[in-house]
Amino acid sequence: MTVVTRTAPSPTGFLHLGHAYSALFAFEAARAAGGRFLLRIEDIDAARCRPEFEQAIAEDLAWLGLAWETPVRRQSEHLAEYAAAVERLRGLGLVYPCFCTRAEIAQATSAPHGPDGPVYPGTCRALDDAERQRRLESGAAYALRLDMAAARARRGALEWRDRAHGIVTATPEVFGDVVIARKDTPTSYHLSVTLDDALQGVTLVTRGLDLFASTHVHRLLQALLGLATPDYHHHPLVLGPDGKRLAKRANAPTLQSLREAGHSPAEVRQMALDALGP
Ligand code: GLU
C-alpha cells in the first residue's frame, strides 16, 4: 500500500518552527516509504483565514524544500461534501441544534472539563421538537452537536494505531456532545479533517501531540461515516525558550522572519529539532 501523508495548516497566521517541523516530518515519512505527500489548506474559519497567509504557507514550505501534489485541497471549496456528511449523521439521529452561547456553557457549573474546555451539559439535547422548531425559525444562531451517548451506543470499542503510542483505545465520550457544524459553517475542524483524510486516501496522519486528544473524536466519526482509519503518528511539539508550545498569536518567530534574518532551510530545520519537546 502506498503511504500517503499530508500537512494541513490553517491560513490564520504565518508559519513558525512548529509548522516547519510538522510539515517536514510528514514529508520525510512519505519520502522514506516511497509514498506521496499532500498539502491541504484548512480554511473553514472564514473570519480568521486570509489569502496572504495561504500564499505565505506555500512560499515557506517550498523554501524549506518541500514539494507536494497539486491541486491542493482547500476546505472552503468543499463545504457541500461536509454538509452531506452532517446530513448522514443527522439521518442516523445523532445530531441536534444547540442554541447555547459560550458564556452560558461556561457558566453551567456542573460542566466537567474535557480536552476542548467545558463539556457541554446537554441542555439543548432535551428540547422538544416544537421548541427546537420555534428557535430555528426565530433565526437564532446555533451549533450542531453530536449526541455522544447515542453515537457511542451505535459503535462499540474503537481503536487506532499510533506509531508513537501503540494501539490507543478511543474514548471520545470525554469530549461530550462535540460541535460538528454551525449554522453559518456546515462543518467543524473535527468533521472536515476526518472526512478529508479519508477522501484524500491519507494512510498516515502525522501531526503534533496537541491534536492527540482530537483523534478520539475522529476515530468515532470514521466509524459512524464508514470511513477508513489511517495510522497516526503524533509527534512531540516544538517548544519556545519558555518551554511552552509555540503559538501563532504569541511570540513565535515566523519562518519568514528567520529567512529574512539570513538563516538557511537547514538551519531552520536544526532549530526546530533542537527545540523539540518530550
Ligand atoms: N489545521 C490544523 C492546524 O493548523 C491541523 C490539522 C491536522 O493536522 O490534523 O492546527
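Just above, that's the structure.
Attention here is on the structure that accompanies the text. (Residues numbered from 1 in each chain as written. Predicted model: local features only at pLDDT ≥ 70, side-chain atom pairs only at ≥ 80, totals over all residues. Heavy atoms only, no water.)

## Brief notes about the overall build of the protein chain
No. 1: From N to C terminus, the protein chain includes ten helices and twelve strands.
No. 2: Relative to the compact-globule value of 19 Å for 278 residues, the protein chain shows a C-alpha radius of gyration of 20 Å, a close match.
No. 3: Overall, the protein chain is about 65 × 40 × 35 Å in size when its C-alpha atoms are taken along their principal axes.
No. 4: Out of the 278 residues belonging to the protein chain, those deemed buried represent 48%.
No. 5: Surface accessibility of the protein chain: about 13500 Å² in total, with carbon and sulfur atoms responsible for 53%.
No. 6: Looking at the protein chain, you have 31 positive and 32 negative side-chain charges, and the mean spots of the two groups are 3 Å apart. (Helix = DSSP H or I, 4+ residues; strand = E, 2+ residues; numbered from the N terminus. Rg over C-alpha atoms; globule rule 2.2 N^0.38 Å. Buried < 20%, exposed > 50% of the residue type's maximum accessible area, 1.4 Å probe, protein only. Areas by Shrake-Rupley, 256 points an atom, 1.4 Å probe, with all protein chains shown as cover. Lys, Arg positive; Asp, Glu negative; His and termini not counted. Charge placed at Lys NZ, Arg CZ, Asp CG, Glu CD.)

## A short note on the sheet that holds strand S7 (residues 143-146)
No. 1: Pairing within the open sheet is antiparallel, and its three strands lie in the order S4-S7-S10. The open sheet terminates on both sides in strands that have one partner only, identified here as strand S4 (95-98) and strand S10 (179-182). When the angles between neighbouring strand axes are averaged without regard to direction, this sheet yields 30°.
No. 2: As paired strands, S4 and S7 are joined by four bridges and run antiparallel to one another. Counterpart to Cys 98 in the pairing with S7 is Ala 143. (Pairing = 2+ DSSP bridges. Axes fitted to C-alpha atoms, helices over the stretch in contact; angles between N-to-C directions.)

## Topic: the packing of helix H7 (residues 189-199) against helix H8 (residues 214-225)
No. 1: For the pair H7 and H8, the least separation of the axes is 9 Å and the interaxial angle reads 60°. Considered as vectors, H7 and H8 are oriented oblique to each other. Remark: the crossing between H7 and H8 carries right-handed chirality. Judged by residue contacts, Tyr 189, His 190, Leu 191, Val 193, Thr 194 and Leu 195 of H7 engage Ser 214, Val 217, His 218, Leu 221, Gln 222 and Leu 225 from H8. (Parallel < 35°, antiparallel > 145°, perpendicular 65-115°, else oblique. Left-handed = near helix turned anticlockwise from the far one by under 90°. Contact = heavy atoms within 4.5 Å.)

## Some details on the site of the ligand
No. 1: Taken together, the residues surrounding the ligand are Arg 6, Ala 8, Pro 9, Ser 10, Glu 42, Tyr 189, Val 193, Arg 207 and Leu 211.
No. 2: Contacts to the ligand include Arg 6, whose side-chain N or O atom sits 2.7 Å from an oxygen atom.
No. 3: At 3.1 Å, a side-chain N or O of Tyr 189 approaches an oxygen atom of the ligand.
No. 4: For the ligand, the accessible surface in isolation is 300 Å², of which the surrounding protein chains cover 78%.
No. 5: Taken together, the residues of the shell around the ligand break down into five nonpolar, one polar and three charged. (Near = heavy atom within 4 Å. Polar contact = N/O pair within 3.5 Å; in protein donor to acceptor, adjacent residues only side chain to side chain. Nonpolar A, V, L, I, M, F, W, Y, C, P; charged D, E, K, R; others polar.)

## Digging into the nonpolar core
No. 1: In this structure, Leu 89, Leu 146 and Leu 191 are the most contacted members of the largest nonpolar core, which totals 32 residues.
No. 2: At the level of elements, helix H3 (79-91), S7, helix H6 (148-154), S10, H7 and H8 are the ones that each hand at least two residues to this core.
No. 3: Per element, the largest residue contribution to this core is six residues, and it comes from H8.
No. 4: Aside from chain neighbours lying at most four places away, what touches Leu 191 is Tyr 82, Ala 85, Val 86, Leu 89, Ile 180, Pro 186, Leu 221 and Leu 225.
No. 5: Counting 24 residues, the second-largest nonpolar core is a separate cluster that includes Ala 26, Leu 64, Ala 252 and Ala 275. (Core = buried A, V, L, I, M, F, W, Y, C linked by side-chain atoms within 4.5 Å.)

## Observations regarding H7
No. 1: Here H7 lies mainly inside the structure; eight of its eleven residues are buried.
No. 2: For H7, every residue scored as buried is listed here: His 190, Leu 191, Ser 192, Val 193, Thr 194, Leu 195, Asp 196 and Asp 197.
No. 3: Positive phi appears at Gly 201, one or two residues downstream of H7, with a value of about 70°.

## What to know about H3
An α-helical turn contains 3.6 residues, so a residue and the one three or four places further along point in the same direction.
No. 1: Given a rise of 1.5 Å per residue, 13 residues ought to cover 18 Å, and the 18 Å separating the end C-alpha atoms of H3 matches this to within 8%.
No. 2: Taken residue by residue, H3 has Tyr 82, Ala 85, Val 86 and Leu 89 as its buried positions. With its buried residues spanning 100° around the axis, H3 presents them on a single face. Exposed side chains of H3 directed beyond 90 degrees from the buried face belong to Ala 80 and Gly 91.
No. 3: Buried residues belonging to H3 abut strand S3 (73-74), S4, S7, S10, H7 and H8. (Expected span 1.5 Å × (residues − 1). Arc of directions from axis to C-beta.)

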